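# Structural description and commentary
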Amino acid sequence: MFSSALTAESQKLQQLAAQPKSGNRINTGERLLQELDALQSYQPKLNQCQTILADATSALELLEFQADEELEQQLQTNLAQLNCSLEECELEQLLSGPCDKNGAYLIINAAIDDLDAQDWAEMLLRMYLGWVRNRGYRVRLVEESRSTDRGINSATLAIDGRYAYGYLKSETGVHLLKRTSPFNITRKQASSATVEVVPYVELEIPQQDLELIILPSPYRISVKVSDWVKIVHVPTGISAISGEERSRLQNRERALAVLTSKLFAIMQRQGVQELADIQGEILKTVLNQPIREYQLASDSANQGKVLDLRTGIQKTAVAEVLEGKIDSFIKAGVLLKN
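Let us look at the structure shown here. (Residues numbered from 1 in each chain as written. Predicted model: local features only at pLDDT ≥ 70, side-chain atom pairs only at ≥ 80, totals over all residues. Heavy atoms only, no water.)

### Re the nonpolar core
- In this structure, Leu124, Tyr128, Tyr167 and Tyr294 are the most contacted members of the largest nonpolar core, which totals 69 residues.
- Looking at this core, the element that brings in the most residues is helix H4 (residues 115-135), giving 11 residues.
- Residue contacts for Tyr294: discarding those within four places in its chain leaves Trp120, Leu124, Met127, His175, Leu176, Leu177, Lys178, Lys305, Val306, Val321 and Leu322. (Core = buried A, V, L, I, M, F, W, Y, C linked by side-chain atoms within 4.5 Å. Buried < 20%, exposed > 50% of the residue type's maximum accessible area, 1.4 Å probe, protein only. Helix = DSSP H or I, 4+ residues; strand = E, 2+ residues; numbered from the N terminus. Contact = heavy atoms within 4.5 Å.)

Structure representation (structure tokens):
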């Protein structure tokens, strides 16, 4: 059961989250929802840890009097589960940045207008969707621009979950793929895609600095909406697109929320307090940094691998990584940032 204080806080967050949202308040509402989720999930997690600890204590007491292989195996399983939960708690203690507890937008862009690069961008999209779902976070597609033949040119995910930004922020950068091209098996191909992760935040942007663009074909590829919307921050040229909401107004609000988060992240990287202080000539420095290399096996004699170029962490289970099992890389990224 929640304590009276937790119950009161939960009710307060529910009321705030239910208020009408527009423009920058989309990020506010989503942050309130994730705080509400955190409160509602706290007690079950605590109860689970207490149950595991109680079961482990009872098992140890029984094993002191009589050996039992099955009970010992169960004890090892319980202790491993408890250790995993404690490690996650310890990791979250390191996520102490001002936005680390927030949800996040994750933006993927194929490096060039090329079939291999577009296919690689879609593979990355599936990888992150797998990771997000494994963690139990909520995710929505904000924008997806598909290529004519296969793959995607770009995609933006809205990820609701406590510490989503803290965990994912170190994924920002260039992801490299080396493989035999499935579109030309006689050719070894190197492809790249950029990943950008920005937090849900509030930031007031002067209306005169914004340009609204209604995107024509080929962006009108979704049967769910009539118009895709692009909003440009004129002084910097930074933009955001939304095309998955039900109306032009909703797409405008979502695009503005993503743009707000992008600009805030840039301000953080450059260490400035005002939008006007952003230095345009160094906008893409972080995004252009290669952070991870994925090598797919060309034959049975050549084993594939995934190598993190910053930490040296390496995994040979490439298929598992591409399914979303990237926790070892994410943990190393968190430790590197701290």
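Still to come is the rest of the account.
### Points about the pairing of strand S7 (residues 228-233)
- Counting buried positions over the six residues of S7 gives five, a clear majority of the element.
- As paired strands, strand S6 (residues 210-215) and S7 are joined by six bridges and run antiparallel to one another. Across the sheet, Ile213 pairs through a bridge with Lys230, a residue of S7.
- Bridge analysis of S7 against strand S8 (residues 238-242) gives five bridges, and the strand direction is antiparallel. Residue Val229 lies in a different strand from S8, and its bridge partner there is Ser242.
- Hairpin connection, S7 to S8: the antiparallel pair is bridged by four residues, and Gly237 has positive phi, about 80°. (Pairing = 2+ DSSP bridges.)

### Digging into the sheet that holds strand S3 (residues 152-160)
- Taking strand neighbours across the sheet as the criterion, the eight strands line up as S2-S3-S1-S5-S4-S9-S10-S11 in an open arrangement whose pairing is mixed. A single partner strand is all that each edge strand has here, and the edge strands are strand S2 (138-146) and strand S11 (314-315).
- Examined bridge by bridge, strand S4 (residues 173-180) and strand S5 (residues 188-199) share eight bridges and lie antiparallel to one another. The residue of S5 that forms the bridge with Leu176 is Ser192.

### Brief notes about the pattern of salt bridges
- If you walk through the whole model with that rule in mind, you get 13 salt bridges.
- For Glu245, the salt bridge is made with Arg254, and the minimal N-O distance between the two is 3.5 Å.
- Judged by relative accessible area, Glu245 falls into the partly exposed class, the value being 21%.
- Look at Arg254 and you get buried, because its relative accessible area is 7%.
- Close ionic contact of Arg292 with Asp308 constitutes a salt bridge, the shortest N to O distance being 3.4 Å. Highlighted residues: Arg292 in strand S9 (residues 290-295) and Asp308 in strand S10 (residues 305-308), separated in sequence by 16 residues. Taken as a pair, Arg292 and Asp308 share a single burial class, namely buried.
- Via salt bridges that share partners, Asp116, Asp119, Arg150 and Arg179 belong to a single interconnected network. (Salt bridge = Lys/Arg side-chain N within 4 Å of Asp/Glu carboxyl O.)

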